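One-letter residues, chain by chain:
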Amino acid sequence: MKLLQLEQISSLRIRFNVKTFSSNSKKWNSNPNPNLIITHPTLLVIEACNSMSQAKQIHAHMTRTGLLFHLFPISRLLSFIALDGNGDFRYANALFSQILEPNVMVRECVEMDRRSYVFGLKACGGLGDLRLGDCVHSRISKVGFVGDVVVRNALIHFYCESGEVSCANQVFRDNEMRDVVSWTSIIDGNVRNGMVDEALKVFDEMCESWVEPNDVTMVTVFSACAQKGDLRFAERAQEFAEMRGVRFSLNTMNAMLDMYVKCGDVEKAKGIFDQMEVRDIFSWTSMINGHAKNGEVELAWKLFDEMPERNVVSWNAMIGGFSQNNRPMEALKLFHEMEREGFAPMESTLVSVLSACAQSGLMDVGQRIHDHYLKQKRIPLTTILGNALVDMLAKCGDINAAREIFDEMMKKDLVSYNSMIVAYASHGHAKKALSLFEHIRELGFKPDNITFVGILSACAHGGLIEEGWSYFRDMESFGSTPAMEHYACMVDLLGRVGLLEEAYELIKSMPMEPDEAIWGALLNGCRMHANVELGKLAAEKLMILDPKDSGTYVLLASLCANKKKWGEVRMTRSIMRDRGIKKIRGSSLIEVEGKFHEFLVADESHPKSEAIYKVLAEILLFSKLDHCTLNGYQIDTFL
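Residues numbered from 1 in each chain as written. Predicted model: local features only at pLDDT ≥ 70, side-chain atom pairs only at ≥ 80, totals over all residues. Heavy atoms only, no water.

### Some points on helix H22 (residues 399-408)
Phase 1 of the analysis: Within H22, the full set of buried residues consists of Ile399, Ala401, Ala402, Ile405 and Phe406. The buried side chains of H22 occupy one side of the element, clustering within an arc of 160° when seen end-on. Projecting away from the buried face of H22 at angles above 90 degrees are the exposed residues Asn400 and Glu404.
Phase 2 of the analysis: Here the buried face of H22 lies against helix H20 (363-375), helix H21 (383-395) and helix H23 (414-426). (Buried < 20%, exposed > 50% of the residue type's maximum accessible area, 1.4 Å probe, protein only. Helix = DSSP H or I, 4+ residues; strand = E, 2+ residues; numbered from the N terminus. Arc of directions from axis to C-beta. Contact = heavy atoms within 4.5 Å.)

See below:
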């Protein structure tokens, strides 16, 4: 055994064990030489380092003490920064450039072994330099290491990480000497690059080649099944793993749990979750996601409440669960709690919160997110966030601010244009919506079903009959088939302009049974144009489809009242009473210092209701005084 003392540091040269880093590992092996005992305090701190913030502090300390100029300690620090999953390869590259005499360099004709090429390829991957990786590949071929399975595995991993799956496949196929790492790497590469079917085909080929998969292989296969969303494939993959006696590690169990969640079988996922002897944050978060996506928000909330520890991903899962299940107030309250707990939100967190703002109409919260997180560059304005902001601002009524964000976005996708078209449509700017539609066609975007919902809605709000019919009939030429929502837009358009019989004929010609939106659009048109008979027909259909919706009865009563058919009005109200249906009371919602307050009509439940009504009375008084001023009186005579 060797005992490392401070005076020996400058003369030592480090040699890495090939197991220090493999293509399937993200963890740096801090001491690859088992015969080396380290006692120096700074070196011990390096060996225990597990984050870049710690590494930077150690770097600063070594610079101050002069230890940075000794080859062994700088090599140890460099090893962590370059090789650990928590490291930063660009920082490592900058640090390496400060070393005056690196102990292995190709230009000095030092002989390189297979480990050198493995680390060299990892370096190219860390730098994201495909060209440099190709050069390393050429040198590997030149010196004859291309037949070495460890080097080939590193090549496969490098090309997969770089998105060059075809190159990875070529390296994989060029030699029949493959181990389980070779197969796992190519399967994983296909999965990571969205080539799920190809990944599963390679896995079948692996099984036929008598190479036994390990738990890491099954993690990649479960991930492929999760992306595919096919429950039958998922069940077959689990059965295969059990039959082959694969070790079910925590990572394997988590991958299988996530697979069943994404394949829509929450019961199977729950069964796995309940069987797990050890669970981590990923396990709990996957289960929360599963319940939330299944509409079981209370079960998701129960799990979230029971979690032994939480991270930003688990907070995000629960906030997203509330938002996706139309419970925006709970989502916003939880977001404020998350901020108070000191967690910095992710991009997906803010998308969920902006969606909750759009649902609830709370533009102030959305504006604060924009000012605090995006304007101050805490989180970059990505395409996804920009789309969410545009949608939120438009739904909260500020179409000009929505357009400003839209113009500010550096990169726009079809969703961006769809969001802006729908925003223009909902605000009655039909011509602007149609102009933007023509613009996206010039840019080469292919309109989808949502694009046509926006365009047809714009035509409905603008009363553009000919344009509406033209776009509706041309949908199939763009590869889109009219769906329920497109028929609803057309019925709305025809109903708004009074072509009620034409709207009814369109409904009768539909290839599917009309839903509530179709009959609701017709009933609204009948109310606007006082067509009682057709309105009663639409209302009867709605009462069958959704007998508890008070809006149907209110619209029908309003229609009959406009035509002074008081007997029909009394009958409608009588039906409501008999069925126990009450008109939903209007409500208002405000945010004060991060807390939300909801008020119903004539509500006295708020603890400060007496003070609120007193202020309201004063506002009413002043409004009357203003009215007097408008009628020629001076307001100062009342003060």
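### Section: the packing of helix H25 (residues 449-462) against helix H27 (residues 484-496)
Phase 1 of the analysis: Remark: H25 packs on H27, axes separated minimally by 8 Å, with the N-to-C direction vectors making an angle of 5°. Considering their axes alone, H25 and H27 lie roughly parallel with respect to each other. For the pair H25 and H27, contact is made by Asn449, Phe452, Val453, Leu456, Ser457, Cys459, Ala460 and His461 and by Glu485, His486, Cys489, Met490, Asp492, Leu493 and Arg496, respectively.
Phase 2 of the analysis: A breakdown of the residues in the contact of H25 with H27 according to their chemical character gives eight nonpolar, four polar and three charged. (Axes fitted to C-alpha atoms, helices over the stretch in contact; angles between N-to-C directions. Parallel < 35°, antiparallel > 145°, perpendicular 65-115°, else oblique. Nonpolar A, V, L, I, M, F, W, Y, C, P; charged D, E, K, R; others polar.)

### Here we look at helix H9 (residues 180-192)
Phase 1 of the analysis: Along its 13 residues, H9 runs 18 Å from first to last C-alpha, staying within 8% of the 18 Å computed at 1.5 Å per residue.
Phase 2 of the analysis: In terms of burial, H9 is a largely internal element, 10 of the 13 residues being buried.
Phase 3 of the analysis: Residues of H9 that are buried include every one of Ser182, Trp183, Thr184, Ser185, Ile186, Ile187, Asp188, Gly189, Asn190 and Val191, and no others.
Phase 4 of the analysis: Those residues of H9 that are buried are in contact with helix H7 (149-161), helix H8 (165-173), helix H10 (196-208) and helix H11 (215-228).
Phase 5 of the analysis: Positive backbone phi, approximately 75°, marks Gly194, located one or two places after H9. (Expected span 1.5 Å × (residues − 1).)

### What about a nonpolar patch on the surface?
Phase 1 of the analysis: A surface patch of nonpolar side chains, about 360 Å² in accessible area, is lined by Tyr613, Val615, Leu616 and Ile619.
Phase 2 of the analysis: Secondary-structure assignment places Tyr613 in helix H33 (residues 609-630). (Patch = residues over 30% accessible without salt bridge, like charges linked within 9 Å, V, L, I, M, F, W, Y side chains within 5 Å. Areas by Shrake-Rupley, 256 points an atom, 1.4 Å probe, with all protein chains shown as cover. Salt bridge = Lys/Arg side-chain N within 4 Å of Asp/Glu carboxyl O.)

### Thoughts on the environment of Glu516
Phase 1 of the analysis: Its place among the elements puts Glu516 in helix H29 (residues 516-529).
Phase 2 of the analysis: Separated by 25 residues in sequence, Glu516 and Lys541 have C-alpha atoms that sit 8.2 Å apart.

### A closer look at the packing of aromatic side chains
Phase 1 of the analysis: Per the stated rule, a full pass over the model turns up 16 aromatic pairs.
Phase 2 of the analysis: With 5.2 Å between their ring centres and 75° between their planes, Phe472 and Tyr487 make a pair best called edge-to-face. Of the two residues, Phe472 sits in helix H26 (residues 465-474) while Tyr487 sits in helix H27, which places them 15 residues apart along the sequence. Comparing Phe472 with Tyr487, the two get one shared label, buried.
Phase 3 of the analysis: Each member of the aromatic cluster is reached from another via a ring pair, and the members are Trp301, Phe304, Trp315, Phe322 and Phe343.
Phase 4 of the analysis: Over the ring of Phe233 we find Arg236, and its NZ or CZ is 5.4 Å from the ring centre.
Phase 5 of the analysis: Here Lys412 stacks its cationic end above the ring of Phe406, 5.0 Å away from the centre of that ring. (Phe/Tyr/Trp six-rings, centres within 6.5 Å; stacked < 30°, edge-to-face > 60°. Lys NZ or Arg CZ within 6 Å of the ring centre and 35° of its normal.)

### Observations regarding the UniProt feature "repeat: PPR" (unreviewed entry) in the protein
Phase 1 of the analysis: The positions that UniProt labels "repeat: PPR" (unreviewed entry) are, in the present scheme, residues 179-213, 249-279, 280-310, 311-345, 382-412, 413-447 and 448-482.
Phase 2 of the analysis: For residues 413-447, the end-to-end C-alpha separation is 11 Å, with 77% helix and 0% strand making up the annotated structure.
Phase 3 of the analysis: Across residues 448-482, the secondary structure splits into 69% helix and 0% strand, with the terminal C-alpha atoms separated by 11 Å. (UniProt positions renumbered as here; feature names shortened; annotations may be inferred.)

### Structural notes on the side chain of Ser185
Phase 1 of the analysis: Topologically, Ser185 is positioned in helix H9.
Phase 2 of the analysis: What makes Ser185 buried here is its relative accessible area of 5%.
Phase 3 of the analysis: At 2.8 Å, the side chain of Ser185 forms a polar contact with the backbone oxygen of Val181. (Polar contact = N/O pair within 3.5 Å; in protein donor to acceptor, adjacent residues only side chain to side chain.)

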